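So you can see what is in the structure, the chains are spelled out below.
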Amino acid sequence: MNISVVIPLLNEEESLSELHSWIVQVMNKHNYNYEIIFIDDGSSDNSWNVIESLTKQNSNVKAIRFLKNFGKSQALHAGFAKAKGDVVVTMDADLQDNPEEIPELYDLILNQNYDLVSGWKKKDMTPLFPKTYLPNYSIGQRRKTSGVQLNDFNCGLKAYKNLVIKNIEVSGEMHRYIPVLAKNAGFSKIGEKVVKHQARKYGETKFGMERFINGFLDLITIWFLSRFGKRPMHLFGAWGVVMFLIGFSTSGYIGISKLYRLYNDLPYDLVTNSPYFYISLTTMIIGSQLFLAGFLGEIILRNKESNENYKISNELNMN
């Protein structure tokens, strides 16, 4: 199969039929062997009924329905698990991503050997007030922290080699940083393509101010996971040992100092009267806790099982 188009959605009943027709038109024009996978992330409108109708019209349309809203990352995870195409394209269901971009993305992956190509909404039509004021500093920090040189981390229109999506795990709210997950998994040829972005035709955007707060927190998480996700002991254990040694050395100095004064009949204070004793004791306790956190992290990492943090209520045309 040439292409799998994976489309997570939430309450997009008005746009689904039009999006389906548009994608099919592009696929037929280029004679692609394709599948379209809709993932209904707990829609409360008529989206699932529309999808059911599309699966009956077109056997290339497949669908997954979640029991409730689990989030875009979980929807992508479920879609990636089912995708069979040599090239996997993700896009949003709100008609803001243009299916006419798919052939060029397909060419970049298949013929120019990119592992992943991310869309760049150079002219972003999302009607979100704060985006106008986001400084370039934010983009620079994302590049520096993640190590991936992209201008747009939020674009839903992306293309991947099938091998990439089968070797990354998208969880939590990490869909914004799939290129970073791919890079951390060893896929280094990551490109970017300017894509046409269109104004929303139906409904309202699902994103608000929390998108930027969550994006910043996710950036910190992805940095930590990329540096220490496979070896938490290297961070917590190292800091724990350092702090314990500092506290132990300080308390040792206090004890030796008192013994010296006793031996030489010099005036001395009780150890418990010194604030440095409590500081050193606290430092040793914190150091021990950090070391224990790193140790437990290593045990959990070695014994964890892969969990799918979502529940599927129905599937259509999944063979």
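Just so you know, these numbers come straight off a predicted model, no measurement behind them.

Rules used in this analysis
- Residues numbered from 1 in each chain as written.
- Predicted model: local features only at pLDDT ≥ 70, side-chain atom pairs only at ≥ 80, totals over all residues.
- Heavy atoms only, no water.
- Pairing = 2+ DSSP bridges.
- Helix = DSSP H or I, 4+ residues; strand = E, 2+ residues; numbered from the N terminus.
- Axes fitted to C-alpha atoms, helices over the stretch in contact; angles between N-to-C directions.
- Contact = heavy atoms within 4.5 Å.
- Salt bridge = Lys/Arg side-chain N within 4 Å of Asp/Glu carboxyl O.
- Buried < 20%, exposed > 50% of the residue type's maximum accessible area, 1.4 Å probe, protein only.

Here 8 strands make up an open sheet; going across it, the order is β7-β5-β6-β4-β1-β2-β3-β8 and the pairing mixed. Two strands close off the open sheet at either side, each with one partner strand: β7 (190–194) and β8 (312–316). Strand-to-strand twist across the sheet, computed as the mean angle between neighbouring axes with direction ignored, equals 15°. By the bridge criterion, 7 bridges tie strand β1 (residues 3–9) to strand β2 (residues 34–40) in an arrangement that is parallel. Residue pairing in the sheet places I7 in a bridge with F38 of β2. Packed onto the sheet, helix α2 (residues 47–57) meets β1, β2, β3 (61–66) and β8 and runs at close to 155° relative to β3.

Moving on, we come to the pattern of salt bridges. As enumerated under the stated definition, the model contains 6 salt bridges in all. For K72, the salt bridge is made with D92, and the minimal N-O distance between the two is 2.8 Å. Of this pair, K72 sits in helix α3 (residues 72–82) while D92 sits in the loop between β4 (87–90) and α4 (102–110), and the two are 20 residues apart along the sequence. Its relative accessible area of 18% is what places D92 among the buried residues. One salt bridge in this structure joins E104 and K193, with 3.7 Å as the shortest N-O distance. With E104 in helix α4 and K193 in strand β7, this pair connects stretches of sequence that are 89 residues apart. Look at K193 and you get buried, because its relative accessible area is 11%. Where salt bridges share partners, they join E101, E104 and K193 into one cluster.

The values reported here are purely geometric and, on their own, carry no functional implication.
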